[in-house]
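Examining the three-dimensional arrangement
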Amino acid sequence: MSAQGERRLMRIAGPLLVVWIAVVIVWIGIRKSRNPAGARGRPAPTAPPARGELPVLWDLPRFSFVDQHGSTVTDQSLRGRVLIVDFIFTRCTTACPLITAKMNLLRRAIERPDVRFVSVSVDPDHDTPEALAAYAERWTKDPRWLLLSTTPSGLADLTGKMKVALAKGDDEENPIVHGSQFFLVDGSGRVRGVFGSGDDEALGRLVAEVASLELTAASAPGPAEAPDRALSGMMLYQSLGCAGCHDDARVAPLLGGALGRTVSLAEGGTVTADRGYLRRAIVEPAAELTAGFAVPMPSYRGRVSDAELDSLIDYVASLPAPTSAASAAGAPGEQVTDPVCGMKVVASEPAPHLEHDGKTYFFCSELCRDRFVKEPAKYLERR
């Protein structure tokens, strides 16, 4: 692993350990509440629930937040829909991109129109509805995905009642450490399962269990647009949310002009990014991790067909090389990149912006603009 990758891991290792300890404690608490101790203090043996007989863990707490479209979403407005819920924040460059990539894979595997995929922000100071809309634009256009902005008090209440570990970290770029589970909620607003996002076997069970949760006729929602299954490389690139990581140089290598590029590997040595390398990077991403990037994307082996894989590689090979940092400035209405967090934003007067060295830079939020003001050279050197 590169020195840069080691430093990043060291910055997040301590807070992550704290969070995982908290998660284990919470899970033990859940197990104890479901398995009363016997006379000698040993848990009473229980058989695992049969297929279609998921346990009821707790009720979804009351909440009222604004989504990426500016609409108010409450626990009551989501009744009648099966929910898959996670907790992320858009500035994150470590766990959250991987969680969102896994959410995208769940979305592709679950085509039921009554399912809603709900991502709750744990960063109320930064993740406004506008910031969440920009994040969603990079990942997927599936209308079933809702991203919820929060308030400090509302977030504390929700994470506490959902038993989600949440702590402040000491990494400036990733200042929040939190649980990475997916929660399965039925149409009656009851939490029926908790699944680790890093456990592919558990996610397979989650997909299977969704089919066991039926809606009541009275609360069945209207149809939603089904996810696309087009073989077009561009459509697949969008559907998989590849831009979510690869349009942010802090998270993953930029793919424009990748074909033929010499790639430095985290384990040492180099490799030429030919079609074979691109294929391996998609189906075995951890095998040849690029130097400077500590977190691999999920493996798409078995999740895309050979024909889709060829189409996706064709599209990646066609992407033009990125332009220079000067492109941060944009004409009105043009989509440009926030130099701090890497999000795509529209160059417009209402968007936070400033002049620096004769160029106009646009930002997703006031927070990113303020960070740029403090250390502009730090963010421009990355580009």
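Residues numbered from 1 in each chain as written. Predicted model: local features only at pLDDT ≥ 70, side-chain atom pairs only at ≥ 80, totals over all residues. Heavy atoms only, no water.

**Considering helix α8 (residues 275-283)**
Within the span of α8, buried status applies to Tyr-277, Leu-278, Ile-282 and Val-283. Measuring from the backbone nitrogen of Gly-276 back to the side-chain oxygen at the start of α8 gives 3.2 Å, which picks out Asp-274 as the cap. (Buried < 20%, exposed > 50% of the residue type's maximum accessible area, 1.4 Å probe, protein only. Helix = DSSP H or I, 4+ residues; strand = E, 2+ residues; numbered from the N terminus. Polar contact = N/O pair within 3.5 Å; in protein donor to acceptor, adjacent residues only side chain to side chain.)

**Topic: the confidence of the model for the protein**
When pLDDT is low, close inspection of the predicted coordinates is not appropriate. Looking at the protein, pLDDT values average 79 and 76% of them are 70 or higher. Per-element confidence in the protein is highest for strand β2 (residues 64-66), whose mean pLDDT is 98, and lowest for helix α1 (residues 3-34), whose mean pLDDT is 42. Across residues 216-231 the pLDDT falls below 50, and counting only partners more than four positions away or on other chains, this stretch makes 28 contacts in the model. Note that pLDDT drops below 50 for residues 324-329; the model gives that stretch 13 contacts with residues more than four away or on any other chain. (pLDDT = per-residue confidence, 0-100. Contact = heavy atoms within 4.5 Å.)

**Focus on the nonpolar core**
Side chains of nonpolar character tend, in soluble globular proteins, to be buried together. By size, the foremost hydrophobic cluster in this structure holds 87 residues, and its most contacted members are Ile-84, Phe-87, Met-162, Leu-184 and Leu-206. Those residues in contact with Met-162 that lie beyond four places of it in its chain are Trp-58, Leu-60, Pro-61, Phe-87, Phe-183 and Val-191. (Core = buried A, V, L, I, M, F, W, Y, C linked by side-chain atoms within 4.5 Å.)

**Description of the pattern of salt bridges**
Tallying each qualifying case throughout the model produces 18 salt bridges. Where Arg-91 meets Asp-123, a salt bridge forms, and the shortest distance between an N and an O atom there is 2.8 Å. Here Arg-91, found in the loop between β4 (82-88) and α2 (95-109), pairs with Asp-123, found in the loop between β5 (115-121) and α3 (129-139); they are 32 residues apart in sequence, far enough to count as distant. Of the two residues, Arg-91 and Asp-123, neither departs from the other in class, the shared state being buried. Between Arg-107 and Asp-142 there is a salt bridge, with its nearest N and O atoms 3.2 Å apart. Here Arg-107 is found in helix α2, whereas its partner Asp-142 is found in the loop between α3 and β6 (145-148), with 35 residues between them in sequence. Both residues of the pair, Arg-107 and Asp-142, belong to the buried class. Counted as one network, the salt bridges with shared partners bring together Lys-102, Asp-200 and Arg-303. (Salt bridge = Lys/Arg side-chain N within 4 Å of Asp/Glu carboxyl O.)

**Some details on the pairing of β4**
Along β4, seven of the seven residues are buried, which leaves the element largely enclosed by surrounding structure. With burial as the criterion, each face of β4 is covered, one bearing Val-82, Ile-84, Asp-86 and Ile-88 and the other bearing Leu-83, Val-85 and Phe-87. With seven bridges joining them, β4 and β5 adopt parallel strand pairing. Considered in β5, the bridge of Val-82 is made with Val-115. In this fold, β4 hands off to α2, which returns the chain to β5; that crossover is right-handed. Here three bridges tie β4 to strand β9 (residues 181-185), and the two strands are oriented antiparallel to one another. In the strand pairing of β9, Leu-83 is matched with Val-185. (Pairing = 2+ DSSP bridges. Right-handed = clockwise from strand over helix to strand, strands pointing away.)

**Side note on unusual backbone geometry**
Positioned with a positive phi, Lys-163 is a non-glycine residue whose angle comes to about 60°. With respect to the helices and strands, Lys-163 occurs in the loop between α4 (152-162) and β7 (166-168). On the basis of relative accessible area, Lys-163 is assigned to the partly exposed category, the value being 30%. Phi at Asp-357 takes a positive value of approximately 50°, unusual for a residue other than glycine. Here Asp-357 lies in the loop between β15 (353-356) and β16 (359-362).

**Considering the packing of helix α6 (residues 233-240) against helix α9 (residues 306-318)**
At their nearest, the axes of α6 and α9 sit 8 Å apart, and the two run at 95° to each other. Regarding the angle of α6 to α9, the classification is roughly perpendicular. Only Glu-308, Ser-311, Leu-312, Tyr-315 and Val-316 of α9 make contact with α6, whose side of the interface consists of Gly-233, Met-234, Leu-236, Tyr-237 and Leu-240. Considered class by class, the residues forming the contact of α6 with α9 number seven nonpolar, two polar and one charged. (Axes fitted to C-alpha atoms, helices over the stretch in contact; angles between N-to-C directions. Parallel < 35°, antiparallel > 145°, perpendicular 65-115°, else oblique. Nonpolar A, V, L, I, M, F, W, Y, C, P; charged D, E, K, R; others polar.)

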